[in-house]
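Spelled out from the first residue to the last, the chains are:
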Amino acid sequence: MAVKIKTLSGYFHEYQKSIVKTEDFWQQQAEDFYWRKKCDCVLDWNFKEPKIEWFKGGKLNITENIFERQMFIRKDQAAIIWEPNDPKEEGVTLSYSELFYKVKQFANVLLSKGVKKGDRVALYMPMIPELAIAMLACARIGAIHSIIFAGFSSTALADRIIDAQAKVVIASDGGFRGNKTTPIKTIVDEAVGKCDSVETLIIKKRTGDQVLMKEGRDFWWDELCENVSAENEAEVMDAEDPLFILYTSGSTGQPKGVLHTTGGYMVYSSYTFRNVFQYSQGDVYFCSADIGWITGHSYIVYGPLLSGATTLMFEGIPTFPDAGRFWDIVEKHQVNQFYTAPTAIRALMAEGNEFVENKKMKSLKVLGTVGEPINEEAWHWYHDHVGKGRCPIVDTWWQTETGGIMISPIAGVTPTKPSYATLPLPGIHPIIVDAEGKELKGNSVEGNLCIKAPWPGMARTIYGDHERFRQTYFSTYQNLYFTGDGVRRDEDGYYRILGRVDDVINVSGHRMGTAEVENAINEHPRVVESAVVGFPHHIKGQGIFAFAVCNDMDETVTEEGIIQSIKVGVNNIIGPIARPDKILIVSGLPKTRSGKIMRRILRKIAAGDFENFGDTSTLLDPAVVEEIINKSKIH
Ligand code: PRX
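Residues numbered from 1 in each chain as written. Predicted model: local features only at pLDDT ≥ 70, side-chain atom pairs only at ≥ 80, totals over all residues. Heavy atoms only, no water.

A. Seen up close, the overall build of the chain. Counting secondary structure elements, the chain contains 20 helices and 30 strands. Rg of the C-alpha trace for the chain: 24 Å, near the compact-globule value of 26 Å for 635 residues, within the 12% margin. Judged by the C-alpha coordinates and their principal axes, the chain covers about 75 × 65 × 55 Å. Considering only contacts within the chain whose residues lie at least 6 apart along the sequence, 71% involve residues at least 24 apart. Of the roughly 24,300 Å² of accessible surface on the chain, 50% is carried by carbon and sulfur atoms. Computed over 70 positive and 81 negative side-chain charges, the separation of the two mean positions in the chain equals 3 Å. (Helix = DSSP H or I, 4+ residues; strand = E, 2+ residues; numbered from the N terminus. Rg over C-alpha atoms; globule rule 2.2 N^0.38 Å. Contact = heavy atoms within 4.5 Å. Areas by Shrake-Rupley, 256 points an atom, 1.4 Å probe, with all protein chains shown as cover. Lys, Arg positive; Asp, Glu negative; His and termini not counted. Charge placed at Lys NZ, Arg CZ, Asp CG, Glu CD.)

This is the structure we're talking about:
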């Protein structure tokens, strides 16, 4: 693998080179990999259509780069260390050759079920090794995996299966999370009942719960694998053939199927992994994300395995059996790099230091955070109590759409500053613009974060809706990719992410579209309309605050009853992650004369700030605001 950046001057040198000669820079990174055929053209692009093609004409398979390319040196090395939910249960370690065997075998199972290159396969699974095996098996045969976080409801699952027209769904009987179990198969059955495209369900036994198996449609994973050969030749893919779809929320209602392709994503996820975390051979790397999100795709599975790393996969939650679980895992497996979300750090910090103080964590070298801004208090706690003041913190800014880390310190190389993502990685050209799209040059500026030129890991489209892709990311500002985030560049040129500037809220590091939550609330028979905003929450970063206008408020119902049933409804339509923390029943919403909801005012009220609403001259009915303020003071 190409040399990693080791010094700050080395970083500046690489960065300069990468910006001046971007194509040469990425071509050089691509040379680390095994291509069945080298590309004809490194980059072909415009942000107008948009069209983004990296390594065009190149032929490869990403799993050949994980396995065949590395097998000679890594055969017996641990690829995945799996730590179960219950610490009393024995874990599993799969070497590169064992993982390879299982991937090829399951690839053959998928082929036997008629899955072909380009078909979509939905995965709805707990964090068990078979999740990684199934996704790599899809990649092996050129099927497009669409992983849906197993906390989503059956309705949300069905929406995603239908949008992708998945042919096969891979799931488990149930899943363990802390002292709870999730009835995964039952949820899948409910969802699949609405999805005509699904022909086959493959179920891995995990909890042993009784489940219904539909004859001819549902099959047990283990039975299908019996007597199946592990001889499998990888499907040859074009660099721009799709690798996966991953749904994410945006400011409009329906979730978007972000599509990533093969060659560029491979180069980018591996390059960023090796450099940001400064992974050295023999290290044990632990990312606590769920593979159902992009962090798990890029930095539990693809980035680490492409880099020959040992990656730890954890099934459970940070507070089971107690708030010291992460640190027990670090101690048990002598973890060297640990990557988590600020919300987890805040939750563990709130439990007290006794859970972290006596753990033997000398192995730790690097700590990472991702998903939301990290407040200074949490940063310092992480630094002092987990890293014992010795480990650099990499505050990594990126998105589902970027495929990999974009702005981040390089561990031990870039001097850090609490709550700053610091500097762009090589090959990344961020620019800050004002509302009109004028570039704000120099330091000490604040505005909207855009990226000027393509990078190999970026999303190529929204599955089935290229126009929406253009509209969402490339139409706000001409010839720029718009991230949706606000940012400040300080006097040192360091970037600090300020949070979303669109109608997206970030709850515990999970992206939620306000419109998506509103749509779910509006399904309630008594709700006429609603508005959802984020408010500061000490653990989740942002909480969900919903204002709902209801009709037929008679003596048969109480406000509390309606609030509870709205919460249940949102739970059923999206999942627990979207359940509002607070709901206020109001008689009207603040609107402009043209009928637009003034969210700015609602955000202030939700944050407990009842003054300084700014310009309210366009407000149709000021009495509505008075009423909301008075009511929220009581609740
Ligand atoms: O607002 C930014 C925030 O998370 C958004 C992306 O969410 P998602 O696509 O779900 O991906 C999360 C994991 C990569 C961004 O637009 N975000 C992500 N990382 C950071 C962050 N905000 C501040 N600091 C970060 N390090």
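B. Focus on the sheet that holds strand E16 (residues 284-287). What the seven strands build is an open sheet, ordered E5-E4-E17-E16-E18-E19-E20; its pairing is mixed. Either end of the sheet is taken by a strand with one partner, and the two such strands are strand E5 (92-95) and strand E20 (393-396). Taking the axes of each pair of neighbouring strands and ignoring which way they run, one obtains an average angle of 20° across the sheet. The sheet contact formed by E16 and strand E18 (residues 337-340) spans three bridges and is parallel. Residue pairing across strands places phenylalanine 286 opposite phenylalanine 338, the latter belonging to E18. In the packing of helix H15 (residues 376-386) onto the sheet, contacts are made with E18, strand E19 (366-370) and E20, and the angle to E19 comes to roughly 155°. (Pairing = 2+ DSSP bridges. Axes fitted to C-alpha atoms, helices over the stretch in contact; angles between N-to-C directions.)

C. Structural context of the sheet that holds strand E21 (residues 430-433). Reading across the sheet, the four strands line up as E21-E22-E24-E25 and stay open at both edges, with antiparallel pairing between neighbours. Unpaired on one side and paired on the other, E21 and strand E25 (495-500) mark the two borders of the sheet. The mean angle between the axes of side-by-side strands here comes to 45°, regardless of whether they run parallel or antiparallel. Summarising the sheet, E21 and strand E22 (residues 445-451) pair through four bridges and their orientation is antiparallel. Of the residues in E22, the one forming a bridge with isoleucine 432 is leucine 449.

D. Region of the structure containing the packing of helix H13 (residues 342-350) against H15. Between H13 and H15, the shortest axis-to-axis distance is 10 Å and the interhelical angle comes to 75°. Considered as vectors, H13 and H15 are oriented roughly perpendicular to each other. From H13, Ile345, Arg346, Leu348 and Met349 reach across to H15, where they touch Glu377, Ala378, Trp381 and Tyr382. Per-class residue counts for the contact of H13 with H15 are six nonpolar, no polar and two charged. (Parallel < 35°, antiparallel > 145°, perpendicular 65-115°, else oblique. Nonpolar A, V, L, I, M, F, W, Y, C, P; charged D, E, K, R; others polar.)

E. A look at H15. Those residues of H15 that fall on the buried side of the exposure criterion are Ala378, Trp379, Trp381, Tyr382, His383 and Val386. As for H15, its buried residues are in contact with helix H12 (325-333), E18, H13, helix H14 (354-357), E19 and E20. (Buried < 20%, exposed > 50% of the residue type's maximum accessible area, 1.4 Å probe, protein only.)

F. Geometry of the site of the ligand. As a matter of local geometry, the ligand sits amid 17 residues, with Asp395, Thr396, Thr400, Asp485 and Arg511 nearest to it. Residue threonine 400 places a side-chain N or O atom 2.6 Å away from an oxygen atom belonging to the ligand. Between the ligand and the protein, one listed contact pairs an oxygen atom with a side-chain N or O atom of arginine 500 at 2.8 Å. When the free accessible area of the ligand is taken as 540 Å², the share hidden by the protein chains comes to 96%. Going through the elements one at a time, helix H11 (294-306), E20 and E25 are the ones with two or more residues in the shell around the ligand. For the shell around the ligand, the per-class residue count stands at six nonpolar, six polar and five charged. (Near = heavy atom within 4 Å. Polar contact = N/O pair within 3.5 Å; in protein donor to acceptor, adjacent residues only side chain to side chain.)

G. Spotlight on the packing of aromatic side chains. Summed over the entire model, instances satisfying the criterion amount to 42 aromatic pairs. Aromatic side chains tryptophan 26 and tyrosine 268 sit 5.5 Å apart centroid to centroid with 55° between the ring planes, which places their arrangement in the tilted category. Taken as a pair, tryptophan 26 in helix H2 (residues 22-30) and tyrosine 268 in helix H10 (residues 262-277) lie far apart in primary sequence, 242 residues in all. Residue class for tryptophan 26 comes out buried when judged on its relative accessible area of 0%. Within the aromatic cluster, the residues linked to one another by ring pairs are Trp45, Phe47, Trp455, Phe469, Tyr473, Phe474 and Tyr481. Note that arginine 160 overlies the ring of phenylalanine 152, its terminal NZ or CZ placed 4.3 Å from the centroid. (Phe/Tyr/Trp six-rings, centres within 6.5 Å; stacked < 30°, edge-to-face > 60°. Lys NZ or Arg CZ within 6 Å of the ring centre and 35° of its normal.)

H. Structural context of the side chain of threonine 22. Following the sequence through the fold, threonine 22 ends up in helix H2. A distance of 2.8 Å separates a polar atom in the side chain of threonine 22 from the backbone oxygen of serine 18.

I. Representation of a negative patch on the surface. On the surface, a cluster of negative charge is contributed by Asp322, Glu351, Glu354 and Glu357. Along the chain, glutamate 354 turns up in helix H14. (Patch = residues over 30% accessible without salt bridge, like charges linked within 9 Å, V, L, I, M, F, W, Y side chains within 5 Å. Salt bridge = Lys/Arg side-chain N within 4 Å of Asp/Glu carboxyl O.)

J. Representation of H13 in the model. The buried fraction of H13 is high, at seven of nine residues. All of the buried residues along H13 are Pro342, Thr343, Ala344, Ile345, Arg346, Leu348 and Met349.

K. The domain arrangement of the chain, seen in detail. In terms of domains, the chain is made up of domain 1 (8-487) and domain 2 (508-634). The C-alpha centroid of domain 2 is placed 33 Å from the C-alpha centroid of domain 1. Taken together, the contact between domain 1 and domain 2 spans 25 residues of the former and 20 residues of the latter. Together domain 1 and domain 2 conceal approximately 1,500 Å² of surface at their shared face, both sides included; 49% is due to carbon and sulfur atoms. The tally of links between domain 1 and domain 2 comes to two salt bridges. Between arginine 511 and glutamate 401 there is a salt bridge, with its nearest N and O atoms 2.7 Å apart. For the interface between domain 1 and domain 2, the tally reads 13 residue pairs in polar contact (both at pLDDT 80 or more). Per-element tally for the side of domain 1 that touches domain 2: the top contributor is H13, with four residues. In terms of residue class, the side of domain 1 that touches domain 2 is built from seven nonpolar, 13 polar and five charged. (Domains from an automatic or database assignment. Buried area = accessible area lost by both parts, 1.4 Å probe.)

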